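# Commentary on secondary and tertiary structure
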Amino acid sequence: MKLRRYQTSMVDEQERLRTLGKDRILMVAPTGAGKTVVMSAIVQQCLKRSQRVLVLVHRDTLIRQTANKLQVFDIDHGLIKAGYKEHRSALVQVASVQSLKRRELFAADVIIFDECHTTTSYEICSTLFTQFTKAEFIGFTATPWVLGDAGRLQKLFPEMVTAPSYRELIDAGFLVLPRYFTYPDSDRLQIKGSKNANGDYTEKALNIACNTPKMVSLCVREFLRLAPNRTGICFAVGLDHAYALEAAFTSTGVKCAVVTGETLDSDRLTAYAALERKEIQLLISINVLTEGFDCPSIDVVVIIRPTISKSLNFQMIGRGLRPSPGKADVLILDFADNFFKHGSILELTADDYQDVKGDRRNAPLKVCPECGEIVSTTATECPECGHAFEVAERIEKEFIETTVSQLEERRSLKRVKTPASKSKKPTSRESSRENNLEEYKQNWERRGIKLIGKYTSTKIKTIFCCDKEHEWGA
């Protein structure tokens, strides 16, 4: 299988690090960038050195995906998973972390953790790190932040190899553009109650906040307004919430299905296939579709599942980023206020991956008051509804007029304090400043003004007034 250029670069970089004796490496790549392809290429390299490889996953779908990709690379492998016959003679084993703890350990030279932000939390993984001290460990993830255990991945895997950013992959055509939409401020969620052991909201607190007629109706109404002909997935907070959403969507003619952790594997696969064939329009999930779900045709992601976890948030969004024929973008309908906690996926860079707490703030954006799309602060028109935003210069005008008024008031106070008998004629510099002030007012009224550089309420450093530069002092 031919790798993309950035995938080849990732494989080469990890090989360089391992050659230098670095035996714990974290591989970070956006959802949809082809982590399983990179992983399979690394496994292929290991086999050339006759190394035994163990790949650890934590979901049934990931077992199937990994096995299928290894077959594409023509790699013989065994599966350690309930319901599968073992093939221990193969140099490569793909194991479920849940099954491995009840089986004989596979003595591997290289141990790979898929979705390592999750798999490394299992006790069996700690056993592997302790028992196989001479092994090389490689972790794969799109979201290297662990809520409640900040820095865990960076401690386990001191070396990091990263793929291009989401923005770069979108520009190159490997992912599609996500477009965020939110809802009116008057309807903002109020989540109250204690947090769970990991520091996220409890299901009880989420259900109280989200499973209300008002929020369910808002979710359905906005979906019908923004994405009536789109197919996608919806993230709910619990069973009652999921079935309330299903009933509400179904009542408007939107065909739905609900999948949970308790859904039989066969029924889950049937629902996935129905979504891909567009026999249903919306698949509602409770903690199921966040990892390992691959349906490139979906073009809307409905999130009504608030979370403090940056990893969980971007995993949900990532489900819709894969390209598909005729798919230009994916709508992210955020009814959970997650955007305001975690920012835009478009702003993520390698620096964010090094931020162990995931607290790094993204560039400021704004919400269209007409349709709810979240756009750049520099946008003058909403791409969805055409709403014309208030021109930035108008805001700057109000700010500067206030600032100029303050400057004039300060000068007036200074003149009052100066005895009349000792008053001095204004210097040429002061006269020039006053003339500039008056000219600024006139130019603003006639043509407007654009601010360049930093300024405060007491000092304007640099103003370009109708292409004529003026320096203002305090």
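Residues numbered from 1 in each chain as written. Predicted model: local features only at pLDDT ≥ 70, side-chain atom pairs only at ≥ 80, totals over all residues. Heavy atoms only, no water.

## Structural notes on unusual backbone geometry
The phi torsion of most residues other than glycine is negative, and most of the peptide bonds are trans. A positive phi angle, close to 55°, is found at N287, a residue other than glycine. When you line up the elements, N287 lands in the loop between β11 (282-285) and β12 (300-303). In this structure, D337 takes a positive phi of about 65° despite not being glycine. Position of D337 among the secondary structure elements: in the loop between β13 (329-334) and α14 (338-342). Accessibility expressed as a relative area gives 11% for D337, which makes it buried. (Helix = DSSP H or I, 4+ residues; strand = E, 2+ residues; numbered from the N terminus. Buried < 20%, exposed > 50% of the residue type's maximum accessible area, 1.4 Å probe, protein only.)

## What about the pattern of salt bridges?
Where charged atoms from two side chains of opposite charge come close, those side chains can pair. All chains considered together, the criterion is met by 18 salt bridges. As a salt-bridge pair, R18 and E136 come within 2.9 Å of each other at their nearest N and O atoms. With R18 in helix α1 (residues 5-19) and E136 in strand β6 (residues 136-141), this residue pair connects regions lying 118 residues apart in the sequence. (Salt bridge = Lys/Arg side-chain N within 4 Å of Asp/Glu carboxyl O.)

## So, the environment of I75
Following the sequence through the fold, I75 ends up in the loop between α3 (60-72) and β3 (78-80). According to the relative accessible area criterion, I75 is buried, its value standing at 6%. Between the C-alpha atoms of I75 and A90, which are 15 residues apart in sequence, the distance is 9.3 Å. Excluding residues within four positions of it along the chain, I75 makes contact with S40, V43, Q44, L47, L70 and V92. (Contact = heavy atoms within 4.5 Å.)

## Overview of the packing of aromatic side chains
Tallying each qualifying case throughout the model produces 13 aromatic pairs. With 4.3 Å between their ring centres and 25° between their planes, F129 and F137 make a pair best called stacked. Each member of the pair, F129 as well as F137, carries the same accessibility label: buried. Three or more aromatic residues joined by ring pairs form one cluster here, namely F113, F129, F137 and F157. One residue, K310, lies across the ring of W145, its end atom 5.2 Å from the ring centre. (Phe/Tyr/Trp six-rings, centres within 6.5 Å; stacked < 30°, edge-to-face > 60°. Lys NZ or Arg CZ within 6 Å of the ring centre and 35° of its normal.)

## Quick word on the nonpolar core
With 98 residues, the main nonpolar core has L56, I111 and L283 as its most contacted residues. Considering each element in turn, this core owes the most residues, seven residues, to helix α2 (residues 35-48). Counting 40 residues, the second largest nonpolar core, distinct from the first, contains Y183, F223, L282 and L331. (Core = buried A, V, L, I, M, F, W, Y, C linked by side-chain atoms within 4.5 Å.)

## Quick notes on the state of the cysteines
Summed over all chains, the structure comprises zero disulfides. Considering cysteine sulfurs only, C125 is the nearest to C116, which forms no disulfide, with 9.8 Å between them. Here C368 is not cross-linked by a disulfide; its sulfur's nearest cysteine counterpart is in C385, at 3.5 Å. (Disulfide = S-S within 2.5 Å.)

## Some details on the packing of α2 against α3
The contact between α2 and α3 brings their axes to 10 Å, and the two run at 55°. Classed by the angle they form, the pair α2 and α3 counts as oblique. Seen from above, α2 lies across α3 with right-handed handedness. From α2, T36, V37, M39, S40 and V43 reach across to α3, where they touch Q65, T66, K69 and L70. Looking at the contact of α2 with α3 residue by residue, the classes come out as four nonpolar, four polar and one charged. (Axes fitted to C-alpha atoms, helices over the stretch in contact; angles between N-to-C directions. Parallel < 35°, antiparallel > 145°, perpendicular 65-115°, else oblique. Left-handed = near helix turned anticlockwise from the far one by under 90°. Nonpolar A, V, L, I, M, F, W, Y, C, P; charged D, E, K, R; others polar.)

## Here's the deal with the sheet that holds strand β10 (residues 256-259)
Taken together, the six strands give an open sheet; going across it, the order is β8-β13-β12-β9-β11-β10, and neighbouring strands pair in parallel fashion. Two strands in the sheet have a free side with no partner beyond their single neighbour: β8 (177-181) and β10. The mean angle between the axes of side-by-side strands here comes to 20°, regardless of whether they run parallel or antiparallel. Taken together, the five bridges between β8 and β13 define a ladder with parallel strand orientation. Looking at β13, one finds that F181 is bridged to L333. Where helix α11 (residues 239-251) meets the sheet, its contacts fall on β9 (232-235), β10 and β11, and the angle it forms with β10 comes to roughly 170°. (Pairing = 2+ DSSP bridges.)

## What about the layout of surface pockets?
If you add up the space inside the largest pocket, you get close to 770 Å³. Residue lining of the largest pocket: 29 residues in total, with T36, Q65, K69, D294 and R322 positioned closest to the centre. Those elements giving two or more residues to the lining of the largest pocket turn out to be α2, α3 and α12 (265-276). Counting residues per element, the lining of the largest pocket draws most heavily on α3, at six residues. Looking at the lining of the largest pocket, its residues break down into 11 nonpolar, eight polar and 10 charged. (1 Å grid on protein atoms, 1.4 Å probe; cavity = no way out; pocket = protein on both sides within 12 Å on 5 of 7 lines; lining within 4 Å. Points joined across faces, edges and corners; volume = space filled by probe spheres on them.)

## Focus on α1
Spanning 15 residues, α1 covers 21 Å between terminal C-alpha atoms, matching the ideal 21 Å at 1.5 Å per step. Among the residues of α1, Y6, Q7, M10, V11, Q14, L17 and R18 are the ones counted as buried. All buried residues of α1 project into a common sector of 145° when viewed along the axis, lining one side. Residues R5 and T19 are exposed on α1 and point more than 90 degrees away from its buried face. (Expected span 1.5 Å × (residues − 1). Arc of directions from axis to C-beta.)

Purely geometric numbers; function is a separate question.
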